[in-house]
Amino acid sequence: MKEDCLYSAYTNVYKVSAVEVLSVRVPREVREGLEQIARLEGRDKAEVAREILIRGVKERRVEAALRLYREGKVTLWRAAELAGLTLWEMIEELGKRGVELQYGLRELEEDLEAALGEGSS
């Protein structure tokens, strides 16, 4: 992935226009792994690290939203919102991860409100 594509993906995922500096300490093995991937792909280590962070943050958002959904703490609509996914993308994630669809009156009411533009959950 070219760097301009990475920034484009970053902007699309997080809806931001600026990239910020983040300093983080990692174990030596992680740094060495980043360097190895960068060499194998002929890319900059920082570019590889950004891509991994973007993917990782997105994945963790999905995992957290699915956990809350499984625990009955949020509706499917809200879980999708927390994960940064559309409702259909979240349903697809449920299937991929073997999470049972839970749908009751509460979910129906929230979906109707959201569809009619009355909810801001």
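Residues numbered from 1 in each chain as written. Predicted model: local features only at pLDDT ≥ 70, side-chain atom pairs only at ≥ 80, totals over all residues. Heavy atoms only, no water.

Asker: Looking at this structure, how should I read a nonpolar patch on the surface?
Answerer: Side chains of Leu-101, Tyr-103, Leu-105, Leu-108, Leu-112 and Leu-116 sit close together on the surface and give an oily, nonpolar patch of about 620 Å² of accessible area. Checked against the element boundaries, Leu-112 lands in helix H6 (residues 105-115). (Patch = residues over 30% accessible without salt bridge, like charges linked within 9 Å, V, L, I, M, F, W, Y side chains within 5 Å. Areas by Shrake-Rupley, 256 points an atom, 1.4 Å probe, with all protein chains shown as cover. Salt bridge = Lys/Arg side-chain N within 4 Å of Asp/Glu carboxyl O. Helix = DSSP H or I, 4+ residues; strand = E, 2+ residues; numbered from the N terminus.)

Asker: Help me out: how do you make sense of the pattern of salt bridges in this one?
Answerer: Pairing between side chains becomes possible if they bear opposite charge and their charged atoms approach one another. Considering all chains together, one arrives at 14 salt bridges under this definition. Salt-bridge contacts for Glu-35 lead to Arg-31; the nearest nitrogen and oxygen are separated by 3.0 Å. Residue Glu-35 and its partner Arg-31 are located together in helix H2 (residues 28-41), separated by 4 residues, close to a single helical turn. Exposure remark for Glu-35: the relative accessible area of 24% places this residue in the partly exposed category. Members of the salt-bridge network, linked through shared partners, are Glu-41, Arg-43, Glu-47, Glu-51 and Arg-55. (Buried < 20%, exposed > 50% of the residue type's maximum accessible area, 1.4 Å probe, protein only.)

Asker: Even after reading the chapter, I still don't get the nonpolar core, so can you show me in this structure?
Answerer: Within soluble globular proteins, side chains that are nonpolar tend to cluster in buried spots. Counting 13 residues, the largest nonpolar core has Tyr-69, Ala-79, Ala-83, Met-90 and Leu-94 as the members making the most contacts within it. Sorting the residues of this core by element identifies helix H3 (45-70), helix H4 (76-83) and helix H5 (87-97) as the ones contributing at least two each. Apart from residues no more than four positions distant in its own chain, Met-90 is found in contact with Ala-65, Leu-66, Leu-76, Ala-79, Ala-80, Ala-83 and Leu-85. (Core = buried A, V, L, I, M, F, W, Y, C linked by side-chain atoms within 4.5 Å. Contact = heavy atoms within 4.5 Å.)

Asker: What exactly am I supposed to notice about H3 here?
Answerer: The periodicity of an α-helix, 3.6 residues per turn, causes residues three or four places apart in sequence to face the same way. For H3, with 26 residues, the first-to-last C-alpha span of 37 Å sits near the 38 Å given by 1.5 Å per residue. Turning to H3, its buried residues number three or more, namely Glu-47, Val-48, Glu-51, Ile-54, Val-62, Ala-65, Leu-66 and Tyr-69. Two to three positions downstream of the cap, the backbone nitrogen of Ala-46 sits 3.0 Å from a side-chain oxygen, assigning the N-cap of H3 to Asp-44. One or two residues past the end of H3 sits Gly-72, with phi positive at roughly 75 degrees. (Expected span 1.5 Å × (residues − 1). Polar contact = N/O pair within 3.5 Å; in protein donor to acceptor, adjacent residues only side chain to side chain.)

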